[in-house]
Amino acid sequence: MKTPQLLENAPYSETQRAWLGGFFSGIRTQLMQNTGAVNATTAQTLHILYGSQTGNAEAVANDAATAAKAYGLKPVVTSMDAIDSDALAAMDTVLIVTSTYGEGEMPDNAQMLWEAVSADSMPQLPNMKFSVLALGDTGYDLFCKAGIEWDNRLAELGATRIYDRVDCDVAFEAAAESWISSVIPQWGSKDAASMVVNTETAAPKSQYSRKNPFPAKLLVNRLLTSTDSSKETRHYEISIAGSALSYEAGDALCVVPTNSPDLVAAIINAIGCKGDEIEPVNGEAISLQDALRTQFEIKSPSKELVQEIATRSGNQELNGLLSTGDKEGLAKYLWGRDTLDLLLQNPLCEFAAAEFIALLKPLQHRAYSISSSGKMHPDTVHLTIASVRYDSFDRPHNGVCSTFLADLVDAETEVRCFFTPNKVFRVPKDNSLPIIMVGPGTGIAPFRAFLQERLHRKATGKNWLFFGDRNAVTDFIYRAELEAMQANGVLTRLDLAFSRDQAEKIYVQDKMREHGAELFAWLEQGGYFFVCGDAYHMAKDVDKALLDIIAAHGQLSEQQVIDYVNQLKKDKRYVRDVY
Ligand SMILES: Cc1cc2nc3c(=O)[nH]c(=O)nc-3n(C[C@H](O)[C@H](O)[C@H](O)COP(=O)(O)OP(=O)(O)OC[C@H]3O[C@@H](n4cnc5c(N)ncnc54)[C@H](O)[C@@H]3O)c2cc1C
Ligand SMILES: NC(=O)c1ccc[n+]([C@@H]2O[C@H](COP(=O)([O-])OP(=O)(O)OC[C@H]3O[C@@H](n4cnc5c(N)ncnc54)[C@H](OP(=O)(O)O)[C@@H]3O)[C@@H](O)[C@H]2O)c1
Ligand SMILES: Cc1cc2nc3c(=O)[nH]c(=O)nc-3n(C[C@H](O)[C@H](O)[C@H](O)COP(=O)(O)O)c2cc1C
């Protein structure tokens, strides 16, 4: 079993420190306002377990730990894959912070512990006191399902819920702060002296963070796919010079977009407004036009807006789907229909500016896996982004953020951005170990960064990339770079799967199977297995192929394969950055 990571030893990167710096002031204020604490004479251990795919839950767990320390507790922050069910059963004070992934699934690092805890053999937990913070996104049908399952299961096992579960939407910070400042005093001392948080280790070097995104400049916007390709993938270089921010290969950059002025104008017209209506938004009075441009999600309709349009229009099909709770039918109906389509197809739906705004969700940032190494490119961040463009209902539709970068940003435009560290998706510290990277489509992004990192470190370990896309002639992105990496020996193996170059589709997992014996040999040599790209189809099929390869070439039973893969996951040698 791995040693739990103590907060004081936590190796915060600069980007995490920046994030925490902003987070703390809020928590501290809320803690100071709290009462009702239990006196703790000796430091009581508080276990904070996190299930996290891309670092949000982990960051919140660390924040909870810092707050707990300020309350005289001894927090122990642990990734869920670092403990087994026996270790969990021995804990008496537990905070669970977990996101939900896939379609209502546990994040990768929570899966094994969850399986053990949900088994019939799991003992009762009568001595445990717990609370759950669930991170999720209301855009998904199974909102916060992983957190809900943990909450229900621990209660079912006889543990005492000391504070009600809080479910957080994409903008989770305020709800997380509130949960931390409510739950910690249930255990800690409210002695004011102990509430002085030592922020020395968390002091941000940069003033920029998730709460205060850096206004960056876009230096490069280059088409990677050919002009006659069936898709459009672009390479971007964003300057972070002067920000005092830094990043590591494997991290993501979150970009805060603004909406297309054309779409804003069309929506204002469709709801029967003028655009100059002044409305209060986040404490500021701004015009409807500016609000729709910068503050609200106007492409993908919120559930509330869909419901209101159905009610006002009397649209029978839509009302039928909503009233019967036919989620699949509703998703099918909404596929390819954006807010403007709904308004145009239901022309009775006029709204006052304030009414309309009240039905919208805040405009969210989009995450992008960084495709450069921070060591090789300390002043720029490279991104590899497929532009979302499709035609439906007789009009072109554009993804908000991918086409903001592609079409709307010029030399003067500020690209507001911040980093999300992904501490497990990292080039191994040991430069001699082999790495296997599976990244079709835009999934190649972090592996370009990994190869740069290995080159920079003069790492001797072998590197194997599985890449694929639709057609070799038009979609073999970064071809010259990859071939140069092969020529200079950094890229030991490159296996390519161009799906549409022949009648039968060929995917990266077919190439993995073809070279299964060698792939297994690399794993046996201590190799790391990384996957990036589509979560819903590719990552699942690649997982299946990996299991089959291990079974065939390791000559292992079904249970032995599961154990083998679980060990890879525990050792962080099988990690995924999937979306
Ligand atoms: C950790 C992480 C890393 C990521 N890394 C990358 C990366 O490196 N590169 C990259 O390109 N993306 C990456 N993404 C995805 C990225 O965050 C955005 O989701 C993507 O760019 C689309 O955002 P958008 O604002 O352009 O589109 P949005 O405005 O969000 O629109 C997307 C929506 O449009 C609809 N839609 C899309 N295509 C169609 C269609 N053909 N027909 C009908 N409806 C359709 C769907 O409802 C879809 O959800 C990553 C995501 C995560 C979570
Ligand atoms: N969850 C999501 O919403 C999601 C996930 C991933 C990507 N995207 C978005 O889609 C756009 C394009 O993405 P992209 O360039 O990364 O990839 P992509 O164009 O969807 O696919 C890249 C390659 O993967 C192949 N592929 C399809 N199904 C596969 C499977 N089951 N196993 C293995 N390979 C498979 C594709 O083949 P064929 O197309 O020929 O079948 C293609 O050759 C981007 O905007 C991205 O953000 C969205
Ligand atoms: C591919 C993908 C699938 C997701 N699936 C769900 C889901 O089914 N339910 C949900 O509530 N949230 C879902 N989310 C949202 C995440 O839980 C949310 O973004 C969370 O803040 C991520 O935290 P983490 O970085 O700790 O993993 C999904 C996000 C992604 C990118």
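Source: prediction; values computed, not measured. (Residues numbered from 1 in each chain as written. Chains lettered and ligands numbered in written order. Predicted model: local features only at pLDDT ≥ 70, side-chain atom pairs only at ≥ 80, totals over all residues. Heavy atoms only, no water.)

**Student:** Go over the sheet that holds strand β13 (residues 366-369), please, and point to the residues and values.
**Tutor:** Judged by pairing direction, the sheet is antiparallel, and its 6 strands sit side by side in the order β13-β10-β17-β8-β9-β14 without closing on themselves. At either margin of the open sheet sits one strand with a lone partner, and together these are β13 and β14 (380-386). Going across the sheet, the axis of each strand differs from the next one's by a mean of 40 degrees, ignoring polarity. Relative to strand β9 (residues 233-239), strand β8 (residues 214-223) runs antiparallel, the two being bridged by 6 bridges. If you follow L223 over to β9, its bridge partner there is R234. (Pairing = 2+ DSSP bridges. Helix = DSSP H or I, 4+ residues; strand = E, 2+ residues; numbered from the N terminus. Axes fitted to C-alpha atoms, helices over the stretch in contact; angles between N-to-C directions.)

**Student:** Explain the site of ligand 3 to me, and be specific about the residues and the numbers.
**Tutor:** Neighbouring ligand 3 are 21 residues; S52, T54, A57, T100 and C144 lie closest to it. Between ligand 3 and the protein, one listed contact pairs an oxygen atom with a backbone N or O atom of Q53 at 2.8 Å. Between D137 and ligand 3, the recorded distance is 3.1 Å, taken from a backbone N or O atom to an oxygen atom. Protein chains bury 92% of the 650 Å² of accessible surface belonging to ligand 3 in isolation. Looking at side-chain class alone, the shell around ligand 3 contains 9 nonpolar, 10 polar and 2 charged residues. (Near = heavy atom within 4 Å. Polar contact = N/O pair within 3.5 Å; in protein donor to acceptor, adjacent residues only side chain to side chain. Areas by Shrake-Rupley, 256 points an atom, 1.4 Å probe, with all protein chains shown as cover. Nonpolar A, V, L, I, M, F, W, Y, C, P; charged D, E, K, R; others polar.)

**Student:** Describe the environment of G329, with residues and values.
**Tutor:** For G329, the location among the structural elements is in helix α11 (residues 327-334). For G329, a relative accessible area of 18% gives the class buried. Sequence separation between G329 and E317 is 12 residues; the distance between their C-alpha atoms is 10.0 Å. (Buried < 20%, exposed > 50% of the residue type's maximum accessible area, 1.4 Å probe, protein only.)

**Student:** An account of the side chain of T442 is needed here, citing residue identities and associated values.
**Tutor:** Here T442 is to be found in the loop between β18 (435-438) and α15 (445-457). For T442, the side chain forms a polar contact with the side chain of Y579, separated by 2.8 Å. Leaving out residues up to four positions away in the same chain, T442 has contacts with T233, T384, I385, A386 and Y579. (Contact = heavy atoms within 4.5 Å.)

**Student:** Pulling in residues and values, what's your account of the site of ligand 2?
**Tutor:** Of all residues adjacent to ligand 2, which total 19 residues, the nearest are K231, T442, S499, R500 and Y507. One of the side-chain nitrogen or oxygen atoms of K231 is found 2.6 Å away from an oxygen atom of ligand 2. A distance of 2.9 Å separates an oxygen atom of ligand 2 from a polar atom in the side chain of K505. Protein contact buries 73% of the 890 Å² of open area that ligand 2 shows by itself. Here the residues of the shell around ligand 2 sort into 7 nonpolar, 5 polar and 7 charged. Each of domain 2 (214-258 + 365-420) and domain 4 (435-578) accounts for three or more of the residues forming the shell around ligand 2. (Domains from an automatic or database assignment.)

**Student:** How would you explain the packing of aromatic side chains if you had to name every residue and give the values?
**Tutor:** Going through the model one piece at a time under the given rule, you end up with 17 aromatic pairs. Relative to F356, the ring of F351 lies with its centre 5.5 Å away and its plane at 55 degrees, an arrangement referred to as tilted. No difference in accessibility class separates F351 from F356, as the two residues are buried. One aromatic cluster is present, built from ring pairs that chain together F425, F447, F450, Y528 and F530. Positioned above the aromatic ring of Y333 is the side chain of R337, whose terminal nitrogen or guanidinium carbon lies 3.9 Å from the ring centre. (Phe/Tyr/Trp six-rings, centres within 6.5 Å; stacked < 30°, edge-to-face > 60°. Lys NZ or Arg CZ within 6 Å of the ring centre and 35° of its normal.)

**Student:** Please provide a residue-by-residue account of the nonpolar core, values included.
**Tutor:** The biggest cluster of nonpolar side chains holds 32 residues, and the ones touching the most others in it are I267, L288, L292, I298, L343, F351 and F356. Those elements that provide at least two residues to this core are α7 (261-271), α8 (288-294), α9 (303-313), α10 (316-324), α11, α12 (339-345) and α13 (353-358). Per-element tally for this core: the top contributor is α7, with 6 residues. If we ignore the near neighbours within four places in the chain, the residues touching I267 are L292, I298, T339, L340, L343 and F356. Of all hydrophobic cores here, the second largest spans 28 residues; its members include L433, M437, A472 and F530. (Core = buried A, V, L, I, M, F, W, Y, C linked by side-chain atoms within 4.5 Å.)

**Student:** Just give me the short version of the confidence of the model for the chain, but keep the residues and values in it.
**Tutor:** Confidence in the prediction of the chain, expressed as mean pLDDT, is 91, and 90% of residues score 70 or more. Confidence drops under a pLDDT of 50 for residues 1-26, and excluding neighbours within four residues, the segment shows 74 contacts in the predicted structure. Scored below 50 in pLDDT, residues 31-41 shows 26 contacts in the model against residues more than four places distant or in partner chains. (pLDDT = per-residue confidence, 0-100.)

**Student:** Residue-level account of the pairing of strand β2 (residues 45-51), with values.
**Tutor:** In regular strands, side chains alternate between the two faces of the sheet. Taken across its 7 residues, β2 has 6 buried, putting it largely inside the fold. As paired elements, β2 and strand β3 (residues 74-79) share 6 bridges and run parallel to each other. Directly across from I48, in β3, lies its bridge partner V77. Each parallel crossover has a hand, and for β2 linked through helix α2 (residues 56-70) to β3 it is right-handed. Here β2 runs beside strand β4 (residues 93-99); their pairing, made up of 5 bridges, is parallel. If you follow I48 over to β4, its bridge partner there is L95. (Right-handed = clockwise from strand over helix to strand, strands pointing away.)

**Student:** How would you explain unusual backbone geometry if you had to name every residue and give the values?
**Tutor:** Positive phi, close to 55 degrees, is recorded for C144, a residue that is not glycine. Locating C144 in the fold gives a position in the loop between β5 (129-135) and α5 (145-156). In the Ramachandran plot, K572 falls in the positive-phi region, its phi being about 60 degrees despite a non-glycine side chain. Along the polypeptide, K572 turns up in the loop between α21 (558-570) and β22 (574-578).

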